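The primary structure of each chain is shown beneath.
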Amino acid sequence: MISMTGVNKHFGALHVLQDIDLEIPRGQVVIVVGPSGSGKSTLCRTINRLETIDSGEIRVDGTPLPAEGRALARLRSDVGMVFQSFNLFAHKTILENVMLGPVKVRRIKKDNARETAMQLLDRVGIANQADKYPAQLSGGQQQRVAIARALAMNPKVMLFDEPTSALDPEMVQEVLDVMTSLAKEGMTMVVVTHEMGFARKAGDRVLFMADGRIVEDTDPDTFFTSPKSDRAKDFLGKIL
Ligand code: ADP
Ligand code: MG
């Protein structure tokens, strides 16, 4: 579903992604961990072309990433992304936030978009908040709306970049529960998170990044119980 071959990316002198080769099959849930600044966010952002790359190739479902125009808009809706900050439109209701993409980008009729949006809000457990505005919801609820909004585009892949790290502790689990059910339903997911419980329960694979490279690529239990590299041991020593 996602294929990266020889991908390199610099920010000025900083070589932020170094020779990344990565194949992610359909339905796999990939957890990305690593120290701050190791390139995790940049890796995610290249997959829906929020960042360009300097060399190499990225394909999503077999198609090389388009450079611009309608093809790029289509790619962005095929690859849903959920960030640490929820980025909801403050002046639109929860329902309108979820309907907007399908109506504007997918050109779905409003009635159909509303029906789908309500189903998705129900799925993330907040259908009863549909007519409220983002500021009236808790952080955990807003993040669940952000997930529903990404799902409304019927994506092939979902990218999550530290989706729970801005949340109060008591709201983390409700968001992880939504992500776990999505994983069980077979969504292809790339999740940057240090939530080890989620990684072990929902993850098929862990990538450990350091200095722009994938240093370890293994299953969650192996990674968290017996990491191979000194970098990973050192990192786990700090977060556990
Ligand atoms: P992580 O998500 O693992 O913390 P990032 O991918 O955000 O790491 O960043 C990797 C490195 O690239 C960091 O050193 C960061 O400061 C730098 N970086 C990220 N985005 C930019 C940017 N737009 N311009 C310049 N440097 C950046
Ligand atoms: Mg990051």
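Under the annotation held in an unreviewed UniProt entry, the protein carries the name Glutamate ABC transporter ATP-binding protein GluA and is attributed to Rhodococcus sacchari.

Novice: What should I look at first to understand the pattern of salt bridges in this one?
Specialist: Two side chains with opposite charge may pair up if their charged atoms get near one another. The final tally for this structure, using the stated rule, is 14 salt bridges. For the salt bridge of Lys 156 with Asp 61, the shortest nitrogen-to-oxygen distance reads 2.9 Å. Residue Lys 156 is located in the loop between helix H5 (139-151) and strand S7 (157-161), and its partner Asp 61 is located in the loop between strand S4 (55-60) and strand S5 (63-64); the two are separated by 95 residues in the primary sequence. What makes Asp 61 partly exposed here is its relative accessible area of 29%.

Novice: Even after reading the chapter, I still don't get the site of ligand 1, so can you show me in this structure?
Specialist: In the vicinity of ligand 1, the contacting residues are Phe 11, Leu 14, Val 16, Pro 35, Ser 36, Gly 37, Ser 38, Gly 39, Lys 40, Ser 41 and Thr 42. The side chain of Ser 41 places a nitrogen or oxygen atom 2.8 Å from an oxygen atom of ligand 1. Contact with the protein chains covers 59% of the free accessible surface of ligand 1, which is 560 Å². Elements with a minimum of two residues in the shell around ligand 1: strand S2 (14-24) and helix H1 (40-47). Among the residues forming the shell around ligand 1, the class breakdown is 4 nonpolar, 6 polar and 1 charged.

Novice: Just checking my understanding: could you explain the packing of aromatic side chains for this structure?
Specialist: The description of two aromatic rings rests on the distance between their centres and on the angle between their planes. Considering all chains together, one arrives at 3 aromatic pairs under this definition. Ring centres 5.2 Å apart and planes at 80° place the aromatic pair Phe 223 and Phe 224 in the edge-to-face group. Three or more aromatic residues joined by ring pairs form one cluster here, namely Phe 208, Phe 223, Phe 224 and Phe 235.

Parameters and conventions
- Residues numbered from 1 in each chain as written.
- Chains lettered and ligands numbered in written order.
- Predicted model: local features only at pLDDT ≥ 70, side-chain atom pairs only at ≥ 80, totals over all residues.
- Heavy atoms only, no water.
- Salt bridge = Lys/Arg side-chain N within 4 Å of Asp/Glu carboxyl O.
- Helix = DSSP H or I, 4+ residues; strand = E, 2+ residues; numbered from the N terminus.
- Buried < 20%, exposed > 50% of the residue type's maximum accessible area, 1.4 Å probe, protein only.
- Near = heavy atom within 4 Å.
- Polar contact = N/O pair within 3.5 Å; in protein donor to acceptor, adjacent residues only side chain to side chain.
- Areas by Shrake-Rupley, 256 points an atom, 1.4 Å probe, with all protein chains shown as cover.
- Nonpolar A, V, L, I, M, F, W, Y, C, P; charged D, E, K, R; others polar.
- Phe/Tyr/Trp six-rings, centres within 6.5 Å; stacked < 30°, edge-to-face > 60°.

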